[in-house]
Amino acid sequence: MKEYKMRRGEYLEERIPDMEATVEDYFGPITGTQEFKGSDLFVVAEPDNAVFEKIIVGAVEYSGKKDKLAVEFHERDPTELGPDELEDAGDAVDAKNDFLLEATGRDAKSRRESMKRKVEDDPDHDF
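Residues numbered from 1 in each chain as written. Predicted model: local features only at pLDDT ≥ 70, side-chain atom pairs only at ≥ 80, totals over all residues. Heavy atoms only, no water.

Asker: So what exactly am I meant to see when it comes to the nonpolar core here?
Answerer: Generally speaking, nonpolar side chains in soluble globular proteins are found buried as a group. Among the nonpolar cores identified, the biggest contains 22 residues, and M19, V23, F27, V57, L69, V71 and F99 are the most heavily contacted of them. Every element with two or more residues in this core is listed here: α2 (19-27), β3 (39-44), β4 (52-60), β5 (68-75) and α3 (83-104). Once residues lying within four places of it in the same chain are set aside, the contact partners of M19 are L12, F42, G58, L69 and F99. Core analysis: the second largest hydrophobic core is formed by 6 residues, L41, V43, V60 and A70 among them. (Core = buried A, V, L, I, M, F, W, Y, C linked by side-chain atoms within 4.5 Å. Buried < 20%, exposed > 50% of the residue type's maximum accessible area, 1.4 Å probe, protein only. Helix = DSSP H or I, 4+ residues; strand = E, 2+ residues; numbered from the N terminus. Contact = heavy atoms within 4.5 Å.)

Asker: I tried to follow the sheet that holds strand β2 (residues 32-36) on my own but got confused; where do I start?
Answerer: Either a parallel or an antiparallel arrangement is found when strands of a sheet pair, and the pairing is made through backbone hydrogen bonds. If you trace the 5 strands from one edge of the open sheet to the other, you get β1-β5-β4-β3-β2, paired in antiparallel fashion. The open sheet has two edge strands, β1 (2-4) and β2, and neither has a second partner. For this sheet, the mean inter-axis angle between neighbouring strands, taken without regard to orientation, is 30 degrees. Those strands touched by α3 are β1, β4 and β5, and its axis lies near 175 degrees from that of β5. (Pairing = 2+ DSSP bridges. Axes fitted to C-alpha atoms, helices over the stretch in contact; angles between N-to-C directions.)

Asker: For this particular structure, what's the right way to read the pattern of salt bridges?
Answerer: Per the counting criterion, the structure on display carries 4 salt bridges. E3 is the partner of K37 in a salt bridge, and the nearest nitrogen-oxygen pair spans 2.7 Å. In this pair, K37 sits in the loop between β2 and β3 while E3 sits in strand β1, placing the two residues 34 residues apart along the sequence. On the accessibility criterion, E3 (15% relative accessible area) is buried. The closest approach of N and O atoms between E75 and K96, which form a salt bridge, is 2.6 Å. One end of the pair, E75, is in strand β5; the other, K96, is in helix α3, and 21 residues separate them in sequence. What you see here is one network of salt bridges that share partners, running through R7, E10 and R15. (Salt bridge = Lys/Arg side-chain N within 4 Å of Asp/Glu carboxyl O.)

Asker: I'm lost on the packing of aromatic side chains in this one. Help?
Answerer: Each aromatic ring pair is characterised by the separation of its centres together with the angle its planes make. Taken as a whole, this structure holds 6 aromatic pairs when the rule is applied. Ring geometry for Y26 versus F99: centroids 5.4 Å apart, planes at 75 degrees, classification edge-to-face. Placement of the pair is Y26 in helix α2 and F99 in helix α3, with a sequence separation of 73 residues. The class of F99 is buried, set by a relative accessible area of 0%. These aromatic residues form a ring-pair network of at least three members: Y26, F27, F52, F73 and F99. The ring of Y62 has K65 lying over it, and the distance from NZ or CZ to the ring centre is 5.3 Å. A cation sits over an aromatic face here: K66 above Y11, 5.3 Å from the ring centre. (Phe/Tyr/Trp six-rings, centres within 6.5 Å; stacked < 30°, edge-to-face > 60°. Lys NZ or Arg CZ within 6 Å of the ring centre and 35° of its normal.)

Dropping the structure here:
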């Protein structure tokens, strides 16, 4: 599960006031919920795009801190996709990037840089 933070001064509930409707618009009907860090996330068990097997998405609430967007995309193995489904792959990438941009206000490059900083800031662990 990946967690994304919003741009400075922005809040998830302001960017996406109706998370349920937005998730359904991008990915298909919500079939249930799943708990993650004390928050209920939406589950799309049969996404509209054939590339996705399942999508888990929603807001994770932290006391005293801004909410974060939690997302987990389960994708099918590209070698198992038929020719028609391979055409859906580009649409799947667009749907993911468009949704994350709308939710976080950050483009793919900004999200990657933010994730790199997070990894660099983590203390070293003994292996």
